[in-house]
Amino acid sequence: MRRKLVMLVAVCAVFGWSAPALAQRTYKLEELPEVPLDTLDTANPKAKIITYTNNTWRYWIPDYDRLASGGVYDDHWVTNQVFAYRDVNIADVPETMEIKLVESLADYHAPVLGRISSRYGPRGKGMHKGIDIGLPTGEPIYATFEGKVRYARYNSGGYGYLVILRHPNGLETYYGHLCKLNVDVNDYVVAGQIIGYGGNTGRSRGAHLHFEVRYADLTFDPERIIDFSTGELKWQNFVLERGYFNVSSKLTEALEEEEGDMGDMFVDKNGNPLSSEAIVDNLEKAASKPRPTVNDAIYYKVKSGDNLYKIAAKYGTTVGAICRLNGIKSSTPIRIGQRLRVK
Ligand SMILES: [Zn+2]
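Description of the structure in this document. Because the structure is a prediction, the values reported are computed rather than measured. (Residues numbered from 1 in each chain as written. Predicted model: local features only at pLDDT ≥ 70, side-chain atom pairs only at ≥ 80, totals over all residues. Heavy atoms only, no water.)

## Some remarks on the nonpolar core
How we decide: Buried Ala, Val, Leu, Ile, Met, Phe, Trp, Tyr and Cys residues that are joined via side-chain atoms within 4.5 Å together make up what is termed a nonpolar core. When a residue's accessible area, from a 1.4 Å probe over protein chains only, is under 20% of the maximum for its type it is buried; when over 50% it is exposed; and in between it is partly exposed. For helices the rule is a DSSP run of H or I covering at least 4 residues; for strands it is a run of E covering at least 2, with both sets numbered from the N terminus onward.
Residues Val163, Tyr175 and Ile195 are the most contacted members of the largest nonpolar core, which totals 43 residues. Breaking this core down by element, the ones donating at least two residues are β4 (96-100), β8 (131-134), β10 (147-155), β11 (160-166), β12 (171-178), β16 (208-215), β17 (218-220) and β20 (237-241). Within the second largest apolar cluster, 17 residues are counted, among which are Cys179, Tyr300, Ile322 and Cys323.

Below, the structure is given as structure tokens:
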């Protein structure tokens, strides 16, 4: 009996130290102090990763000031409109240009891998100025080449959430219908950095990425430089000919994504004009289409071979952040088919 009491006293003495700590409130990840902890190299020598004491990380580009200023980033830099080169005509562009796409393999990453649902080219009365790639909503979208973010916002002309990157060689790449943006205007990104997450915003039926490549606002077929079936880049140096450009590139800043989508408002299925009441009805319907919020949560369905570290790396987040969003611990087993919130 006496022995048991001694034991109890001893146990209380040990736990006495930790009891106040256990009683303290817990903190959310973003409330913890964010002190840089370490610098890690990435596959790309231009970018490093800084880890913080609160278990988060960020890209860091040591040479940001030199890379993100001068040259193509000083000329026609417009961040609130889709088109930046309104005063440049197709006739002003050289007949052929040799364009260096990459120095090394680390300078390229496929925007996303998936089934091509629509190619570049004429569509109905309009013109499809990019390529469509089907994807599940929330799929990470990667910067194809390094460059500076010229546009990152909701576009009411049909692109939905849209990111436009300008690259050092003067090309621009467009990424439309995103469900969430992961960059801000004037950010500098390296190839393979997650710039947003694929979705179905804007004039879009079904989640897909609308991807365009432009030079001086002029479009050409992205399949000239990327093999979308494998995700591979076709050239290190690419000869861009004026003849590749679509003459109607600058006709409108709106995205003619769906064949006859705009025309549907004014004509019936057979192309006959609608009554004015029906037209007003259609216009009201289009205007009241809700604008999705940019903070939509992103979910991921666990696949065979996944673990929390793999999933966190894929979505550019941390295991700690995923655990917090789902109320689980890093040691909690995950199962195939489970839906996890990742953003
Ligand atoms: Zn498209």
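From this point on, the discussion continues.
## Considerations on the pattern of salt bridges
The line we're drawing: Salt bridges are identified by distance alone: a Lys or Arg side-chain nitrogen within 4 Å of an Asp or Glu carboxyl oxygen.
Within the structure shown, the criterion is met by 13 salt bridges. Between Arg86 and Glu253 there is a salt bridge, and its shortest N-O distance comes to 2.3 Å. Residue Arg86 is found in the loop between α2 (64-67) and β4, and its partner Glu253 is found in the loop between β20 and α3 (276-287); the two are separated by 167 residues along the sequence. Note on Glu253: relative accessible area 23%, which makes it partly exposed. With its nearest N and O atoms 2.9 Å apart, the salt bridge here joins Glu223 to Arg119. Taken together, the residues Glu223 in the loop between β17 and β18 (226-227) and Arg119 in the loop between β5 (116-118) and β6 (121-123) connect sequence positions 104 residues apart. Counted as one network, the salt bridges with shared partners bring together Lys46, Asp107 and Glu146.

## A short note on helix α5 (residues 319-326)
Put simply, the rule is: In what follows, residue pairs with any heavy atoms lying within 4.5 Å of each other are defined as contacts.
Buried within α5 we find Val319, Ala321, Ile322 and Cys323. On its buried face, α5 sits against α4 (308-314) and β22 (339-341). With its phi angle positive at about 65°, Gly327 sits one or two positions after the end of α5.

## Observations concerning the side chain of Asp217
Just so we agree on the cut-off: We call two N or O atoms a polar contact when they sit within 3.5 Å, provided that within protein one can donate a hydrogen and the other can accept it, with sequence-adjacent residues counted only if both atoms are side-chain atoms.
Looking at the element boundaries, Asp217 is found in the loop between β16 and β17. Take Asp217: its relative accessible area is 0%, and that puts it in the buried class. A distance of 3.1 Å separates the side chain of Asp217 from the backbone nitrogen of Ala84, its partner in a polar contact. From its side chain, Asp217 meets the backbone nitrogen of Tyr85 in a polar contact 2.7 Å long. Every residue in contact with Asp217, bar those within four places of it in the chain, is listed here: Val82, Phe83, Ala84, Tyr85, Arg86, Tyr174, Ser249 and Lys250.

## Thoughts on the environment of Met97
Looking at where Met97 falls in the secondary structure, it is placed in strand β4. A relative accessible area of 11% places Met97 in the buried class. Between the C-alpha atom of Met97 and that of Arg242, which follows or precedes it by 145 residues, the distance is 8.3 Å. For Met97, the contacting residues outside a window of four places in its chain are Tyr215, Phe238, Val239, Leu240 and Phe245.

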